Amino acid sequence: MAYHYENIKLEKGMYNRAGSSFSKILEEMDPSEDYRGTPAEGLDAFQRQLKRFDIKVKGAGSDMVEKFFKTSDSAVLFPEFVSRVVRQGMEEESILPAITATVTNFEGMDYRSIASVPTEKEKELKRVEEGGAIPATTIRTQENLVRLHKRGRMLVASYEAIRFQRLDLFSVTLRQIGAYIGRMHLQDAIRVLCDGDGNKNPAKVYSIGTQPISGTKGTLSYDALLEFWSQFDPYTMNTILVGGDVMLKLLKLSEFQNPLTGLNFQGTGTLTTPLGATLLRTSAMPTGKLIGLDKGYALEQICAGDVLVEYDKLIDRQMERAAITSISGFAKLFTEASRVLEIG
């Protein structure tokens, strides 16, 4: 039985259509819903094209890179393969989903987020009498644009150097590139959480030993954590970001040595604090600082398109230098939903 995907004409121009990705265009040409009840069910349009050209990209029996270049049609698939594996590397073990409230896909570089900054009077919980005015929440566009940053790596390799490499092994390098790009985006997110997105909304900074946080500068106590936690009303500090140095200080607190806390960490790799907040460690955090946030309200991620690769070079086997990039930025949604604790 012949399937529609076996007769699709693939061409470079599918990568160069504004407002659409290669995968989206391929899916429009070959909808997955047409394959319900067939052996191809469960595969997306790109995976069906890999099946069409019998290209195996995973496992010990994976093909060589040169398998993509057996025909001019199959060569067109190679940039999408690179993009997908890089994106996998960006997403593996990424903590960005754990600190962002929403992700906005945006075509362009000039983005303005929205903000709602109530006054103290507007925050009051007033009863609405019959016929009375209902309190209003004003949403406005931010004054300044959110800065989007291009992060990427240059793939430096000739076609001759990689043609006999197995795709499974080549994918390891691509995932490493993705992981590097992901770390760069995380650094951008942490910078925005601390310093703001350019709209005069930096996080409020508390210091140990300075009211309302007790203790001695340079040390961290559970009492200080509780006092920091109490500053978040009406938000909830459900996520804590720390670097390796602060992580060690936390783990040495007796409250973090509770058997149930340790058992959860050993069983799942996730460490939750006695305060109920998820503790996330990253080398992108500056030393001596701790960020607390309500992940449901603190941060918006803006993505300008998908992972971009220089498709012409990859398809034409001119891979001496091919750029792999991702454009992303971050905006603060509610300033009071994230705060910084300086330990010193």
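Since we're looking at a predicted model, the values are computed, not measured. (Residues numbered from 1 in each chain as written. Predicted model: local features only at pLDDT ≥ 70, side-chain atom pairs only at ≥ 80, totals over all residues. Heavy atoms only, no water.)

### Overview of the nonpolar core
The tendency in soluble globular proteins is for nonpolar side chains to be buried side by side. Residues Phe68, Phe78, Phe81, Val82, Leu174 and Ile324 are the most contacted members of the largest nonpolar core, which totals 42 residues. Those residues in contact with phenylalanine 68 that lie beyond four places of it in its chain are Leu50, Ile55, Val57, Ser74, Ala75, Leu77, Phe78, Phe81 and Leu167. (Core = buried A, V, L, I, M, F, W, Y, C linked by side-chain atoms within 4.5 Å. Buried < 20%, exposed > 50% of the residue type's maximum accessible area, 1.4 Å probe, protein only. Contact = heavy atoms within 4.5 Å.)

### Focus on the layout of surface pockets
If you roll a probe as big as a water molecule over the atoms, it shows you where there is empty space left. Empty space within the largest pocket amounts to approximately 1100 Å³. Ala304, Gly305, Asp306, Val307 and Leu308 are, among the 41 residues lining the largest pocket, the residues nearest its centre. Of all elements in the fold, only helix 1 (22–29), helix 4 (78–91), strand 1 (102–105), helix 7 (167–195), strand 10 (299–303), strand 11 (308–309) and strand 12 (322–332) reach the threshold of two or more residues within the lining of the largest pocket. When residues in the lining of the largest pocket are grouped by element, the largest group, six residues, is from helix 4. (1 Å grid on protein atoms, 1.4 Å probe; cavity = no way out; pocket = protein on both sides within 12 Å on 5 of 7 lines; lining within 4 Å. Points joined across faces, edges and corners; volume = space filled by probe spheres on them. Helix = DSSP H or I, 4+ residues; strand = E, 2+ residues; numbered from the N terminus.)

### Observations regarding the environment of alanine 161
Structurally, the position occupied by alanine 161 is in helix 6 (residues 159–162). For alanine 161 and methionine 319, which are 158 residues apart along the polypeptide, the C-alpha to C-alpha distance reads 9.7 Å.

### Section: unusual backbone geometry
With an omega dihedral of 10°, the bond running from glutamine 211 to proline 212 counts as a cis peptide bond. Relative to the helices and strands, proline 212 resides in the loop between strand 5 (204–207) and helix 8 (222–229). Cis geometry marks the peptide bond from aspartate 233 to proline 234; its omega dihedral reads 10°. Inspection of the secondary structure puts proline 234 in the loop between helix 8 and strand 6 (239–242). A positive phi angle, close to 55°, is found at aspartate 54, a residue other than glycine. Among the structural elements, aspartate 54 can be located in the loop between helix 2 (45–52) and helix 3 (72–75). Its identity as a non-glycine residue notwithstanding, arginine 317 has a phi of 60°, on the positive side.

### Re the packing of aromatic side chains
Summed over the entire model, instances satisfying the criterion amount to 15 aromatic pairs. Ring geometry for phenylalanine 78 against phenylalanine 81: centres 6.1 Å apart, planes inclined by 25°, an arrangement best described as stacked. Here phenylalanine 78 and its partner phenylalanine 81 are both found in helix 4, three residues apart, which amounts to about one turn of the helix. For the residue pair phenylalanine 78 and phenylalanine 81, the accessibility class agrees, reading buried in each case. Grouped by ring-pair contacts, the aromatic residues Phe68, Phe69, Phe78, Phe81, Tyr159 and Phe170 constitute a single cluster. The aromatic ring of tyrosine 159 is capped on one face by arginine 317, whose charged end is 5.3 Å from the ring centroid. In this arrangement the basic side chain of arginine 339 is found over the ring face of phenylalanine 232, its NZ or CZ atom lying 5.6 Å from the centre. (Phe/Tyr/Trp six-rings, centres within 6.5 Å; stacked < 30°, edge-to-face > 60°. Lys NZ or Arg CZ within 6 Å of the ring centre and 35° of its normal.)

### Considerations on the packing of helix 1 against helix 2
Each pair of packed helices gets described by two things: the angle between the helix axes and the distance between those axes. Viewed as axis vectors pointing N to C, helix 1 and helix 2 meet at an angle of 80°, and their least axial separation amounts to 8 Å. As judged from the angle between their axes, helix 1 and helix 2 are roughly perpendicular. In this structure, helix 1 uses Phe22, Leu26 and Glu27 to contact helix 2, whose residues at the interface are Ala45, Phe46, Arg48 and Gln49. By residue class, the composition of the contact of helix 1 with helix 2 is four nonpolar, one polar and two charged. (Axes fitted to C-alpha atoms, helices over the stretch in contact; angles between N-to-C directions. Parallel < 35°, antiparallel > 145°, perpendicular 65-115°, else oblique. Nonpolar A, V, L, I, M, F, W, Y, C, P; charged D, E, K, R; others polar.)

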